[in-house]
Amino acid sequence: SPEDRTMKAVSGGQRVSTPGSSSLIRLTENQEGTLVENAFAMSMLDFWKFAKDCRIPDPRLTLAEIDRVFMLVDRNNQERNDLASIHNPQKKLVYRHFLEGVVRLADFKYKDLKGTGDRLCHCLYQNILPFACQDKEDDFKAKLETPEARHVIDTFDPHVRELFAARCAGKDALSLRAVLEILKEKKVVGEGGKFAQSDVVDSYYRLMNLDTVFIPANRTNADVELILEEFSELLLRLTEKLETKEKKPQPIQTRLKDLYALMFPSVPLPPMPKPTKKPASSQRRLSRESQECRE
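Residues numbered from 1 in each chain as written. Predicted model: local features only at pLDDT ≥ 70, side-chain atom pairs only at ≥ 80, totals over all residues. Heavy atoms only, no water.

### Remarks on the overall build of the protein chain
Filter applied, for reference: Only DSSP runs of H or I covering at least 4 residues are called helices, and only runs of E covering at least 2 are called strands; the numbering of each starts at the N terminus. The rule is simple: take the accessible area with a 1.4 Å probe, protein chains only, and divide by the maximum for that residue type; under 20% is buried, over 50% is exposed, in between is partly exposed. We call two residues in contact whenever any of their non-hydrogen atoms come within 4.5 Å of each other. Methods summary: accessible areas were calculated by the Shrake-Rupley approach with a probe of 1.4 Å, and residue burial reflects only the protein chains presented.
Of the regular secondary structure elements, the protein chain holds 14 helices and five strands. Counting the 295 residues in the protein chain, one finds 45% classified as buried. Residue pairs at least 24 apart in sequence account for 70% of intrachain contacts in the protein chain once pairs closer than 6 positions are excluded. In the structure as shown, the protein chain presents an accessible area of about 16400 Å², 50% of it carried by carbon and sulfur atoms.

### Details of helix 13 (residues 252–263)
To be explicit about the condition: By this rule the span expected of a helix is its residue count minus one, scaled by 1.5 Å. The arc refers to the directions leading from the helix axis to the C-beta atoms.
With twelve residues, helix 13 should reach 16 Å at 1.5 Å per residue; the first-to-last C-alpha distance of 17 Å fits that figure. Along helix 13, the positions that sit buried rather than exposed are I252, R255, L256, L259, Y260 and M263. Viewed along the axis of helix 13, the buried residues span an arc of 125°, placing them on a single side of the element.

### Description of helix 7 (residues 116–131)
Filter applied, for reference: Think of it this way: the bend at a residue is just the angle between two axes, each fitted to seven residues, one set ending at that residue and the other starting at it.
Relative to the 22 Å expected for 16 residues at 1.5 Å per residue, helix 7 spans 21 Å between its end C-alpha atoms, a close match to the ideal helical length. Within helix 7, the axis deviates most sharply at L124, by approximately 40°. Taken residue by residue, helix 7 has T116, G117, R119, L120, C121, C123, L124, N127 and I128 as its buried positions. Just beyond helix 7, the residue with positive phi is C133, at close to 65°.

### Regarding the nonpolar core
Which entries qualify depends on this criterion: The nonpolar core is taken to be a set of buried Ala, Val, Leu, Ile, Met, Phe, Trp, Tyr and Cys residues, with the residues joined through side-chain atoms within 4.5 Å.
With 41 residues, the main nonpolar core has L176, L183, L256 and Y260 as its most contacted residues. Those elements that provide at least two residues to this core are helix 8 (139–144), helix 9 (147–168), helix 10 (176–185), helix 11 (197–207), helix 12 (228–245) and helix 13. For this core, the element with the highest residue contribution is helix 9, accounting for eight residues. C54, V69, F108 and L124 belong to the second largest nonpolar core, which has 32 residues in total.

### Considerations on the packing of aromatic side chains
Each aromatic ring pair is summarised here by two numbers: the centre-to-centre distance and the angle between the ring planes. The test is simple: Each pair of aromatic rings taken from Phe, Tyr and Trp, with Trp reduced to its six-membered ring, is defined by centres within 6.5 Å and is described as stacked if the planes are under 30 degrees apart, edge-to-face if over 60, and tilted in the remaining cases. We call a charge positioned above a ring when the Lys NZ or Arg CZ atom is no farther than 6 Å from the ring centre and deviates by at most 35 degrees from the ring normal.
The final tally for this structure, using the stated rule, is eight aromatic pairs. Seen from their ring centres, Y95 and F98 are 6.5 Å apart, and the 25° between their planes marks the pair as stacked. Of this pair, Y95 and F98 both sit in helix 6 (residues 95–109), three residues apart, roughly one helical turn. Assigned by exposure class, Y95 and F98 land together as buried. Grouped by ring-pair contacts, the aromatic residues F47, F50, F70, Y95 and F98 constitute a single cluster. Of note, R55 hangs over the ring of F131, and the distance from its end group to the ring centre comes to 4.3 Å. The residue whose ring lies beneath K111 is F108, and the NZ or CZ to ring-centre distance is 5.2 Å.

### Some points on the packing of helix 6 against helix 7
We count it as follows: Angular values range over 0 to 180 degrees, each being the angle between N-to-C directions of two axes fitted as lines to C-alpha atoms, with helices fitted over their stretch in contact. For this classification, under 35 degrees means roughly parallel, over 145 means roughly antiparallel, 65 to 115 means roughly perpendicular, and everything else is oblique. Note on residue categories: nonpolar means Ala, Val, Leu, Ile, Met, Phe, Trp, Tyr, Cys or Pro, charged means Asp, Glu, Lys or Arg, and polar means any other residue, Gly included.
It is the contact of helix 6 with helix 7, at a shortest axis distance of 8 Å, that shows an interaxial angle of 95°. Taken together, the axes of helix 6 and helix 7 lie roughly perpendicular to each other. Contacts from V102, V103, A106, D107 and K109 in helix 6 reach T116, R119, L120, C123, N127 and I128 in helix 7. For the contact of helix 6 with helix 7, the per-class residue count stands at six nonpolar, two polar and three charged.

Listed below in structure tokens is the structure:
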């Protein structure tokens, strides 16, 4: 049966007769993983990126739900029910875990199709093969990697984590509704705030990599769940909205400071550390080496 052929994928990472499986193996080897003792391995953070690139998450299958699906994959992990480890971005997946996870996610996502084999094939041809390893340029993310922006982000990151943990109250994720309440309390959203509620919802679905055509239908869906990494990225993505609202766009670090100042008014921003200058002798040596290379 299709189910039997498909579920061979979880028996030790062997190749199967399911259409597209050889392409899937080739695609996974191109991800940000490493070869450990001749076995494919990737972090959960890389899998989140892979899933978002392939348009696998949706309002029902969020990253939080994807992490819970992977709890079923690694049944022998003693930490699988630990809230602190469920959404651990550094958790490692070996190839057989990756493949079983893809099968389970396809089974979860496409319940309207008959049989696990059909669901996996549909996921391969509609999600994975067209979109995997097709990195798109993201100018906004490039701006976040400037030293000035990283200084602001790294300063406030512990406070973002503390706020998220406090509002989770023993849960492993926050609903978008709860996030909106936090932003209203902080005067970021609503009357007197910089953003409308629709700005937050739009930013969430954009960071999920969903096409804009899906956004209007989900404007009222505030029960989707966010893990810590999504909460942090959502705050950053809100500053992207400011760029279109401002008559004279401010530098990214200024927009980040303004947002975090609303979120954490009692936290001062330390001065930007001055870059360390290289010794003159080192600079002369580098200049001489580069000249020799040109010659």
